[in-house]
Structure formats: C-alpha cells, structure tokens
Amino acid sequence: MIEFTLPWAFALLALPLLVRWLTPPHRESQDSLQVPYFQRLVLLSGETPRAGASVLRRRRIQGIVSILGWCLLVLAAARPEWVGEPINIEKSARDLMLALDLSGSMDARDFSDANGQEQNRLTAAKGVLEDFAALREGDRLGLIVFGNAAYLQAPFTDDRETWLTLLEESEVAMAGQSTALGDAIGLAISVFQASDTSNRVLIVLTDGNDTGSRVPPRDAATIAAANDVTIYTVAVGDPATIGEEALDLDTLNAVAESTQGASFQALDTQALEKAYEEINRLEPAKYDSLSYRPRSSLFHIPLGLFAALYLLALPLFALLGLRRQRSVHV
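Here the structure is a predicted model, which is why all the values come from computation and not from measurement. (Residues numbered from 1 in each chain as written. Predicted model: local features only at pLDDT ≥ 70, side-chain atom pairs only at ≥ 80, totals over all residues. Heavy atoms only, no water.)

Caption draft 1: Spatial organisation of helix α5 (residues 160-168). If you check which residues of α5 are buried, you get Arg 160, Trp 163 and Leu 167. Along the long axis of α5, the arc covered by the buried residues comes to 65 degrees, so they all point the same way. Where α5 is buried, its residues touch β4 (94-101), α4 (121-135), β7 (140-146) and β8 (150-157). Its side-chain oxygen at 3.2 Å from the backbone nitrogen of Glu 161, Asp 159 defines the N-terminal cap of α5. (Buried < 20%, exposed > 50% of the residue type's maximum accessible area, 1.4 Å probe, protein only. Helix = DSSP H or I, 4+ residues; strand = E, 2+ residues; numbered from the N terminus. Arc of directions from axis to C-beta. Contact = heavy atoms within 4.5 Å. Polar contact = N/O pair within 3.5 Å; in protein donor to acceptor, adjacent residues only side chain to side chain.)

Caption draft 2: View of the environment of Ala 108. Within the secondary structure, Ala 108 is located in the loop between β4 and β5 (111-112). Expressed as a C-alpha distance, the spacing of Ala 108 and Gln 119, which sit 11 residues apart in the sequence, is 8.1 Å. Leaving out residues up to four positions away in the same chain, Ala 108 has contacts with Gln 119, Asn 120 and Arg 121.

Caption draft 3: Structural context of the sheet that holds strand β1 (residues 2-4). Within the open sheet, the three strands sit side by side as β1-β2-β13. Their pairing is antiparallel. A strand with exactly one partner marks an edge of an open sheet, and here the two such strands are β1 and β13 (295-297). Taken pair by pair, the neighbouring strands of this sheet meet at an average axis angle of 35 degrees, ignoring direction. Direction of pairing for β1 relative to strand β2 (residues 80-83): antiparallel, over a ladder of three bridges. Paired with Phe 4 across the strands is Pro 80, a residue of β2. (Pairing = 2+ DSSP bridges. Axes fitted to C-alpha atoms, helices over the stretch in contact; angles between N-to-C directions.)

Caption draft 4: Layout of the environment of Ser 66. Structurally, the position occupied by Ser 66 is in helix α3 (residues 60-77). The class of Ser 66 is partly exposed, set by a relative accessible area of 25%. C-alpha separation for the pair Ser 66 and Ala 313, spaced 247 residues apart in sequence, amounts to 9.7 Å.

Caption draft 5: Local environment of a negative patch on the surface. Residues Glu 130, Asp 131, Glu 168, Glu 169, Glu 171, Asp 268, Glu 273 and Glu 277 make up a contiguous surface patch of negative charge. When residues of the negative patch are traced back to their parent elements, those giving at least two are α4 and α9 (269-282). As for its placement among the helices and strands, Glu 277 is situated in helix α9. (Patch = residues over 30% accessible without salt bridge, like charges linked within 9 Å, V, L, I, M, F, W, Y side chains within 5 Å. Areas by Shrake-Rupley, 256 points an atom, 1.4 Å probe, with all protein chains shown as cover. Salt bridge = Lys/Arg side-chain N within 4 Å of Asp/Glu carboxyl O. Lys, Arg positive; Asp, Glu negative; His and termini not counted. Charge placed at Lys NZ, Arg CZ, Asp CG, Glu CD.)

What follows is the structure in structure tokens.
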C-alpha cells in the first residue's frame, strides 16, 4: 500500500486557485506611436483596429499541462512511500556468559574422548562447550577466562565463529595458576550491566576452589542475584583432591542456589555433556519478536514525471507560438 509522509502537502493543491482569485491579471504597458494617417495604415495593412488593452488567453492544452504539473509537484512534496507487508524478526532475549577456569589443574589428564584417548580437562571442556554453543542458536555468547584474575576473552556476540576461535585459543595457565572464581563472577556482572537484555545467564566451569579473589564467590553471587543474573556451576575433576586444587562443592552449590540456578558435578566427559544438556533444557531459547514494514520512497516518480512533462511541453508550446505568429503575419 501507499502512504504519505507529509499528507498536509495536498493543501497546496488549492494554492493556484487562491492566487488566481487574489491577484489581478498581469498587465504590461507598451509604447505606441500616434500618426495622422492611421486610417490609411489600416487600409494598407488590412488589420482590424482593437482596443488598447487586452488580456492574453492561454491555449487549453497549456492550462491542462500547468494543472497536471502542479499536481505532480504537490504529490512529490507529500513524500509518497510504498509500505510492504509486515516482516517479523526473532531476536534473542538472552545474553549467556561462559566462565572457563584456566588454572594449572585444568591440565590434569583424567578425561577421555570418544575414542577412549586421554585428554586434559580443558580439552574436554572445550569440546563440550563447542557442542553446547551450537545448540544456543540466537543467544549472544560471551566468554570469560580466569586464573589468578578474570579476563574478558569475548564480549557478547552473535558471531559463533569468532567466539569458537577465542575459546580454542584459550590455554591452561594463560590467566595464571590460581582460581579467582569470585572475580570471574564479578567481571560477568559488570559485563551484564552494560547489556540491555533482561535474561542473563552465567555458566561457570571450574575444577578448584577460590584462591584469593577480591570478592568472595558467595558475596559475588549475592550481587549477581540482585542484578537478575542466573548462575549455573559445573565442577570438573576429582572431588577427593586436597589443597588449592580441591573442589569447594559447598560454595559452588551456594552460588548456584542464591541465583536460582543449579550446580552440576562432572567426573568424566559423559557427565560433563549431560551437565550442559541439562542446562540447555533449563534455559530454553527465548526470542523477542520484532515486526516492521519495509518502506520505499516514491517521491522521485512524480518528480520525474513532472520533469518529463515539461521537457515535452516546452518545445511544443514554442512551436505553437511560432505557428501563431506566422498566421498573424500572413
């Protein structure tokens, strides 16, 4: 359908009538010569004497062209637009941040791939995260890596290829040997605060306890809950480990519970896969439906017709004028 951006411009259609009504016809004075033998000139020329003042009359076609041209100009001024059928676009309603532990213990080779070959925890986690990311169609994904401190590896993005590349480039101990779990949660909160999406999910994968974050994980989780961030924790590795590499399952459970999330423990690749499958079930894809109607400007069409009309009319009127002059002289 066609809509007009400036429909009030059609009021200009009455402007020529208003000008015709308010202003007098154009008058033009010309010099004349008075001679005593006027009648003799009349007889010799064969012309019939006329009144001294006359109003020039337009040809009918000139009036039609003028009216049509003015209508085309007013139509262009009204800014016509072609409005297409509504188009619906589904946009993700969720930002999903994954925090990955890169502490030295992630190099422990207690996982195995599909062929039974041993692999370290980080390699197993990368494989599962790649499959998980493929299922999160529509979500904007981010990536935080943490060790001695937390670092934003990938801000929220729809570009899966770039996200997967940054994940693959993550290496054990790249961020240090320790596990700053609380700082990773704090960094995620600050990134979420810059997002305009209300559905916020953080998934933390770690194989150790917090070893010196500036903000304890439980306190960071409380702040996350206040910012509507849901946290899922995934613990990997041997729960019997002691020392700095020991799993603090109580803290991980408390972090998840305080944000209405869930906590998982994965001792092998199969359990890790099931953990992320469960998270995928708990957090189904959400979309915001946006609708718009495409618009195409059409003002150039009446403007082009106006130009074509006058390019044809001007030489035509010139020829008619010459023809009139010749008929008068003959």
